[in-house]
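# Survey of secondary and tertiary structure
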Amino acid sequence: MSDLPARGVQGAATIGRHPLHPMLIPFPIALLTAALGTDVAGQRSPDPFWPRASRLLLTSGLATGLAAGAVGSLDYATIERARAVTAGRLHAIGNVAALGLTAANLFARRDRPRRIVASDVALTAAVAGLLAVTGFLGGELSYRYKIGVAEPEGPQLT
């Protein structure tokens, strides 16, 4: 007998039966990961486009990450199963750390808007790495632990 849940559990943050958190997370993941590419390009090129692009991606990633995090926090607070499994705790802590590092990264760049330095790239790479781990853990929460999974209504087709 498996210790995995047989049934899914819905969170409080839904539209109809569709959970909001999975709808929002692609934005910060894509934006904050893309910033690594613009940071690398900006270190290799004197073109001021790259530092501007990085700041825009980081700022947008932070804003959308805060929105996804707010919804995720609501789910975390209302779904006991999310708090009970290690994957849930690590997912939450890792995402808070990623947003904190992104804010620190933006703060560090404030006095040099036209230049990207090695520490900028390192912070961006750390965030991209963290998001790879927390994204995997989020998948575990959905697919393995059935968190945010609505049970189908009516007869099942086989």
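### Here we look at the overall build of the protein
In terms of helices and strands, the protein carries six helices and two strands. Secondary structure elements in the protein, listed N-terminal to C-terminal, are β-β-α-α-α-α-α-α. With the principal axes as the frame, the protein shows a C-alpha extent of 60 × 25 × 25 Å. Taking all 158 residues of the protein together, 35% fall into the buried category. Relative to all contacts within the protein whose residues are 6 or more apart in sequence, the contacts with residues 24 or more apart total 79%. Just so you have it, the protein exposes about 9100 Å², and 67% of that area is on carbon and sulfur atoms. Both charge centroids of the protein, one from 15 positive and one from 10 negative side chains, sit 6 Å from each other.

### Description of the packing of helix 2 (residues 26–44) against helix 6 (residues 118–144)
Helix 6 packs onto helix 2 with a crossing angle of 150° between their chain directions and a minimal axis gap of 9 Å. What the angle tells us is that helix 2 and helix 6 run roughly antiparallel. Two packed elements cross with a definite hand, and for helix 2 against helix 6 that hand is left-handed. When helix 2 is examined against helix 6, the residues P28, I29, L32, T33, A35, L36, D39, V40 and Q43 are found in contact with a partner set consisting of A118, D120, V121, T124, A125, V127, A128 and L131. Among the residues making up the contact of helix 2 with helix 6, the classes are represented as 12 nonpolar, three polar and two charged.

### Some points on the packing of aromatic side chains
With the rule as written, the count across this model stands at one aromatic pair. Ring geometry for F49 and W50: centres 4.8 Å apart, planes at 75°, overall edge-to-face. Looking at R110, its charged tip hangs above the ring of F107, at a distance of 3.8 Å from the centre.

### Observations regarding helix 2
Residues lying three or four places apart along an α-helix face the same way, a consequence of the helix completing one turn every 3.6 residues. Along its 19 residues, helix 2 runs 28 Å from first to last C-alpha, staying within 8% of the 27 Å computed at 1.5 Å per residue. Here helix 2 has its buried residues at P28, L32, A35, T38, D39, A41 and G42. Axial view of helix 2: buried residues confined to an arc of 165°, hence all on one face. Residues of helix 2 that are buried make contact with helix 1 (21–24), helix 3 (49–78), helix 5 (86–109) and helix 6.

### Observations regarding the nonpolar core
Grouped together as the largest cluster of nonpolar side chains are 10 residues: L32, A35, L57, L58, L62, A98, L99, L106, V127 and L131. Elements with a minimum of two residues in this core: helix 2, helix 3, helix 5 and helix 6. If sequence neighbours within four positions are ignored, L58 has contacts with L32, A35, T102, N105, L106, R109 and T124. Of all hydrophobic cores here, the second largest spans eight residues; its members include I79, V85, A87 and Y145.

### Details of the side chain of D75
Mapped onto the fold, D75 is located in helix 3. Here D75 sits buried without a salt bridge, and the closest side chain of opposite charge, R83, lies 9.7 Å off (N-O distance). Setting aside anything within four residues of it in sequence, one finds D75 in contact with G11, A12, A13 and H21.

### Here we look at the environment of F136
Its location among the elements puts F136 in helix 6. A residue is classified by how much of its surface remains accessible, and F136, at 55% relative accessible area, is exposed. Taking the C-alpha atoms as reference points, F136 and T78, 58 residues apart in sequence, are found 21 Å from one another.

### A word on the packing of helix 3 against helix 5
Two elements in contact, helix 3 and helix 5, have axes separated by 10 Å at closest approach and are oriented at 150°. Between helix 3 and helix 5, the angle falls in the class roughly antiparallel. Considering the relative orientation of helix 3 and helix 5, their crossing is left-handed. Along the contact surface, helix 3 presents S54, R55, L58, T59, G61, L62, G65, L66 and Y76, while helix 5 presents G88, R89, A92, L99, T102, A103, N105, L106 and R109.

What counts and how
Sequence order as written defines the numbering, with residues in each chain counted from 1. The predicted nature of this model means local features are confined to residues of pLDDT at least 70 and side-chain atom pairs, given and counted, to a pLDDT of 80 or more, with totals for whole chains, interfaces and linings taken over all residues. Water and hydrogen atoms play no part in the side-chain values, which are based on all heavy atoms of the structure. Numbered from the N terminus, helices here are DSSP runs of H or I no shorter than four residues, and strands are runs of E no shorter than two. Accessibility here uses a 1.4 Å probe with only protein chains present; expressed as a share of the type maximum, an area under 20% marks a residue as buried, one over 50% as exposed, and anything in between as partly exposed. Contact between two residues is taken to exist if any of their heavy atoms lie within 4.5 Å; hydrogens are not considered. Computed with the Shrake-Rupley method and a 1.4 Å probe, the accessible areas treat only the protein chains shown as cover for residues. Residues scored as charged are limited to Lys and Arg (positive) and Asp and Glu (negative), so that His and the chain ends carry no count. The atom standing in for a charge is NZ when the residue is Lys, CZ when it is Arg, CG when it is Asp and CD when it is Glu. To define axes, lines are fitted to C-alpha atoms, for helices over the stretch in contact only, and angles between the resulting N-to-C directions are given on a 0 to 180 degree scale. Roughly parallel here means an angle under 35 degrees, roughly antiparallel means over 145, roughly perpendicular means 65 to 115, and every remaining angle is called oblique. We call a crossing left-handed when the near helix sits turned anticlockwise from the far one by less than a right angle, and right-handed when that turn is clockwise. Asp, Glu, Lys and Arg are counted as charged, while Ala, Val, Leu, Ile, Met, Phe, Trp, Tyr, Cys and Pro are counted as nonpolar; the rest, among them Gly, fall into the polar class. Only the six-membered ring of Trp is used, alongside the rings of Phe and Tyr, when aromatic pairs are assigned; centres must lie within 6.5 Å, and planes under 30 degrees apart are stacked while those over 60 apart are edge-to-face, with the rest tilted. Geometrically, a lysine NZ or arginine CZ counts as sitting over a ring once it is within 6 Å of the ring centre and also within 35 degrees of the ring normal. The span expected for a helix works out to 1.5 Å for each residue beyond the first. This arc describes the spread of directions from the helix axis toward the C-beta atoms. Note on terminology: a nonpolar core comprises buried Ala, Val, Leu, Ile, Met, Phe, Trp, Tyr and Cys residues joined through side-chain atoms within 4.5 Å. Each salt bridge in this description consists of a side-chain nitrogen of Lys or Arg and a carboxyl oxygen of Asp or Glu lying within 4 Å of one another.

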